[in-house]
Structure formats: C-alpha cells, structure tokens
Amino acid sequence: MTDRERELEALLALSERGRAKLDRLHSLLTSAGHYGAGATPYTVVYTENKLRLLRLLDADGKPHAGPPVLFIPAPVSRYFIVDLLPGRSFAGHIAAAGFDVFIADFGEPTAEDRFCDIAYYVDGLIRRSVRKTLALSRAAQVNVVGYCLGGTLSLLYTALYPESVARLVLLTTTVDGDVKGGIPWVAHKMGLGGESYDTPRLVPAVEVKSWFEMLAPGSNSVAGRVNDLWDRLDDPPERLRDARTMSTWVDDIVPAPGRLLAELYQQFGPGRNGLMAGTAAVGGRAVDLAAITMPLLSVSAEKDAIAPADGVDAIKSIVPHANVIRLSGGHVGIVAGRSAPVLWQRVAEFLA
Amino acid sequence: MAEDKTNNEPTLVERWLRDQQQWQRTILSYLDSMVKDEDFLVHLGNAMRGSLLAGKPYPTASTAMSDQEPPADDRLDRVLFALHQLQGQLNDLAMTLDEIRDAVGGARKIASAAPGNQKPPQRRPPSKSAATKPGTRRAKRRA
C-alpha cells in the first residue's frame, strides 16, 4: 500500500466514524427520551399552589407498607432526579426496601411565586406535606430525606418541628457558607449583590442554569458542550440513553423565586453563615439546631462543585451526633449516577 | 482460494463510493425526520447546543428576556400570592378538622369496644317520625 493509499484509508475511516456518530445521534433523537416524569407509579395525594405531594405505588397500584419517608428535592430543579428511571430510582429503591415513600414535587414557579420565602416553604409547603404524609400513613413521625437546597429546608423544618421527624437524611446540603466553592460563595467573590427581598423577580431558568454552569468549567460554552456531546457519541447506546435522561434533568432547570434566593443568601451566604453562627430564622422565629436530637445522616460528594464537601460535612460541628459520610462522585452522580446504589443502600440501612 | 478472497475485497474507490451512499442515507434520514417529526427539530436544536434535553427547547437567554425584571405594577401578583397563602391556611384547617374527626372516631371505637361498655342495642326513639307527625310539639312549632 502506498503512502497515498494509506492517507485515503485513514480519511475513509474518519468519514465512516463521523457518519456512524451521526447515525447514532439520529437514532437517539428519534427514540423516546425522558420527558421529565418520575419512573415509579404514583398517586398525587395533596396539591397546593404548584406543589404536588406524590405517593409511590407498588406493582398492584397500592401504597407500599412500612414507615413513611418523605423526599424533599431542591425547589429550583425537577423532582424526578430521585426517581429517574426504572431500576435507577433512589425513591423506588427506598420503597422496595420496605418504606411508604412520598415525594414533594414543588413544580415550576410562575410570576407570583417570586414572593415565596423560606417560611413559605418550611412552615407552609413542607409542614403541610409532612402533615398529609403522617395522616395517610397513620404514623406519628416521618423520615425526611432532603437533597441539596431541599436538605437546607428539611434541616430548618426539622429544627422547628422535631417531634414530627423520626430520622433525617441530608444529601449534599451545605451548612457552612464560608467554605470555598458553591454558588453563593462564587457570587460573593464576584461582588454580586444577590436578589432583592423587597422587590423580587422570578429568576429565569436560564440564569439559574448559568450559575450551575459557572461551577463546571467548559459547560457554559456552546462549543465546549457540543464537543462533549460529539465525543460522547462513541459511547454504547445504553450509555447514551442514560446521558440523555440525565441531560433532561440537568438542562431542565426551573425558574427560582427571587425572595427565596435573597433570603438564603442573606442568611446563609458567605459572611453571614447563619447555620454555623446559630442565627438562622424562619419567618422571624429563631431556629435552634439543638432541637435536632433524632438520628441524622449527612452525605457529601468528593467531587461536588455545587455543594463543596467540606461545607456539607460541617454539619458535625453544629449537630454533633450527625453521622457524616463522604462518597466518591459528584453532586448529581451520587444520587442518580451509575454508582448511586451505594448511597441508596446506605440511606436504606440508616432508615431501617 | 486466498487470491480469490483478496480479489473479492472492495477496492478503496468502491469503499469510498459506498461511504458516499451511506452519507446520503444519513442525510436523508435526518431530512425525513425533520419533515415528519416536529419534536425532532427541537431535539436536533438542543443537540446543536450540546444538550440531549428531550421534550422541550434548551433554555436560552432570549426565551427569558421578559422575566429579567420585576413588573412595574406587581399588585396582581401580590394578590395571587396572598391567595396561595390563604389556600395553605385553609388546607391546614381542613387537616386539623380531619385529625379531630379521626380522633373522635377512634375514641368512639375504643369506647364501644371496651368491655362493659357493650350495651345491648337500644331502639332509638322515633324522633324523626314524631317530628313529622301532626300534633307533636315540633310539628306545631313548624306550623
């Protein structure tokens, strides 16, 4: 074979590879993708404003028997991260472990919801979700599992209403706002003033998304994302389907109530650090973390760019009996990635 | 035999021609999906932004321009939000009533199930029929 033939051979191989990628992309884009719904059958047991309280059902369409567990995801993202796919559902795993699982789906805020503050969530939506959960499960206490910002709200709720919580699980929940990294810290360093409490706006989803992207270098440029996708098209089809499902969650951020963000920043952001300083309040009521005497599990992720692990593990200094574990993986990966079953099992064992 | 096998292998030119045909098929499959499936256009647009988001367009700054600033007159939104808060308070009341009803119902069940409290069923006074019977005091008052 001559040098020229070898060159042509290489070009042909390159062409075939590129075409195969485009064929794979076409196949992926024409197959049914994840359309933002949970994987496990459920029934809606309570609604209020945009909130839907979901109760998972078994194969016969009946609620699972066992102690109640309430999942509180972050209100600035879609709830289905805890119920992603059949066989890859955190909530489904907990239900299969013998618990009656409820999930708070906060929905998508609209213009008037920009006035929602911490108290609206903690004293309102979460407290009533707990009440409904207890009434339906006929239990005296509920196990609460909070994820990310949902963990912050769960922590505040538990401190104010400890008698209703049996066990508390906080997943990638920042408590030390002074630790380097995370959205509030970066915003502080950039000198951003944050949102207005008095005249809040509904922060557009694209802006919320840009904050997350700010923490993941490369993901905030279109060229970088396209390159990532092009490289990923060499992956086997099942991995591509997983990537599409995850993309449907990561890229489908919801708008955020400006007043909630303003209050979070003012209370827990760098310099204020209200949870560590013991100055946290909800609706003017002081939050006493000493009221949290029930078992508490806090889980951080080694490679978490959104909630830095040190800021999460700091819970040990304000709730000394907290069981703190750090898992390998990122903010989303430990909950819904390929290694997520490690977390699910740890949580199921803790709740048992 | 080995020579025949070698001769049957496509030449570089033949392979190049076949690759060109495959490219045409790939392009046609994209065009076909674009024409037949509106969702495909959305998904393709998302992919061109590096996202595999399904079911809706990738959020862009242009779609959110109208949400950037709070509206000058926010009274309607404040009223709507106050209504949401009221709805929550009403739900709280309803839950409390449910709890009371359940507690009363449970207490009644316990009381009736307790030994010694199981009285023989009594015949209820014929109050309803008496109330409607002409000549009774209630019927007279109604009249």
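Values in this document were obtained by computation on a predicted structure and should not be read as measured data.

J.: So what exactly am I meant to see when it comes to the sheet that holds strand β11 (residues 296-301) of chain A here?
T.: Within a beta sheet, neighbouring strands are joined by backbone hydrogen bonds and run either parallel or antiparallel to one another. Residue and element names in this part refer to chain A. In space, the eight strands of this open sheet follow the order β1-β2-β4-β3-β5-β6-β11-β12, with mixed pairing throughout. Edge strands, defined here as strands with exactly one partner in the open sheet, are β1 (42-48) and β12 (323-327). Shown here is a sheet whose adjacent strand axes are inclined to one another by a mean of 20°, direction ignored. Relative to β11, strand β6 (residues 165-171) runs parallel, the two sharing four bridges. Its bridge partner being in β11, L168 is matched across the sheet by L296.

J.: I would appreciate a short explanation of the layout of surface pockets in the present structure.
T.: Empty space among the atoms can be located by rolling a probe the size of a water molecule over them. All names here are of chain A. Size it by volume and the second largest pocket reaches roughly 870 Å³. Taken together, 39 residues line the second largest pocket, and the ones lying closest to its centre are I183, P184, L261, L264 and Y265. Listing elements by their share of the lining of the second largest pocket, those giving two or more residues are α4 (149-160), α5 (183-189), α6 (205-214) and α9 (258-268). With five residues, α6 is the largest single contributor of residues to the lining of the second largest pocket. Tallied by class, the residues present in the lining of the second largest pocket amount to 23 nonpolar, 12 polar and four charged.

J.: So what exactly am I meant to see when it comes to empty space enclosed by the protein here?
T.: All names here are of chain A. Summed over the entire model, instances satisfying the criterion amount to two cavities of 30 Å³ or more. Here the largest cavity defines a volume of roughly 80 Å³. The wall of the largest cavity is formed by N49, K50, L51, P75, F106, G107, P109, D113, C116, Y120, Y121 and L125. It is helix α3 (residues 118-137) that contributes the most residues to the lining of the largest cavity, three residues altogether.

J.: Quick question: what am I supposed to make of the packing of helix α1 (residues 3-30) of chain A against helix α3 (residues 38-48) of chain B here?
T.: Two measures define how a pair of helices packs: the angle their axes make with one another and the distance between the axes. α3(B) packs onto α1(A) with a crossing angle of 130° between their chain directions and a minimal axis gap of 9 Å. Relative to α3(B), α1(A) is oriented oblique. For the element pair α1(A) and α3(B), the recorded crossing hand is right-handed. Note on element contacts: α3(B) touches α1(A) through B:F40, B:H43, B:L44 and B:A47, opposite A:L25, A:H26, A:L29 and A:T30. When grouped by side-chain class, the residues that make up the contact of α1(A) with α3(B) number five nonpolar, three polar and no charged.

J.: Explain the packing of aromatic side chains to me, please; I cannot follow it from the model alone.
T.: How two aromatic rings sit relative to each other is set out by the distance from centre to centre and by the angle between their planes. Taken as a whole and judged by the stated rule, the model has nine aromatic pairs over all chains. Both rings, one in A:F90 and one in A:W344, keep their centres 6.3 Å apart while their planes meet at 10°; by these two values the pair is stacked. You can see A:F90 sitting in helix α2 (residues 90-96) and its partner A:W344 sitting in helix α14 (residues 340-351), a full 254 residues away along the chain. Judged by relative accessible area, which is 3%, A:W344 ranks as buried. Where B:Y30 meets B:F40, the ring centres are 5.8 Å apart and the plane angle is 70°; that geometry is what we call edge-to-face. Placement of the pair is B:Y30 in helix α2 (residues 12-36) and B:F40 in helix α3, with a sequence separation of 10 residues.

J.: Mind showing me how you'd approach the pattern of salt bridges here?
T.: Pairing between side chains of opposite charge can happen when their charged atoms approach one another. Taken as a whole and assessed by the stated rule, the structure comprises 31 salt bridges over all chains. Among the salt bridges present, the one from A:R6 reaches A:D3, with a minimum N-O distance of 2.9 Å. With a gap of three residues between them, A:R6 and A:D3 both fall in helix α1, about one helical turn apart. Here A:D3 falls in the exposed class, since its relative accessible area comes to 53%. In this structure, A:E112 engages A:K50 in a salt bridge whose closest nitrogen and oxygen atoms are separated by 3.2 Å. On the criterion of sequence distance, the pair formed by A:E112 in the loop between β4 (100-105) and α3 and A:K50 in the loop between β1 and β2 (51-56) is long-range, its members being 62 residues apart. For A:K50, a relative accessible area of 24% translates into the label partly exposed. Three or more residues joined by partner-sharing salt bridges are found here, namely A:E48, A:R127, A:R128, A:R131, B:D92 and B:E99.

Definitions and limits used
Residues numbered from 1 in each chain as written. Chains lettered and ligands numbered in written order. Predicted model: local features only at pLDDT ≥ 70, side-chain atom pairs only at ≥ 80, totals over all residues. Heavy atoms only, no water. Pairing = 2+ DSSP bridges. Helix = DSSP H or I, 4+ residues; strand = E, 2+ residues; numbered from the N terminus. Axes fitted to C-alpha atoms, helices over the stretch in contact; angles between N-to-C directions. 1 Å grid on protein atoms, 1.4 Å probe; cavity = no way out; pocket = protein on both sides within 12 Å on 5 of 7 lines; lining within 4 Å. Points joined across faces, edges and corners; volume = space filled by probe spheres on them. Nonpolar A, V, L, I, M, F, W, Y, C, P; charged D, E, K, R; others polar. Parallel < 35°, antiparallel > 145°, perpendicular 65-115°, else oblique. Left-handed = near helix turned anticlockwise from the far one by under 90°. Contact = heavy atoms within 4.5 Å. Phe/Tyr/Trp six-rings, centres within 6.5 Å; stacked < 30°, edge-to-face > 60°. Buried < 20%, exposed > 50% of the residue type's maximum accessible area, 1.4 Å probe, protein only. Salt bridge = Lys/Arg side-chain N within 4 Å of Asp/Glu carboxyl O.

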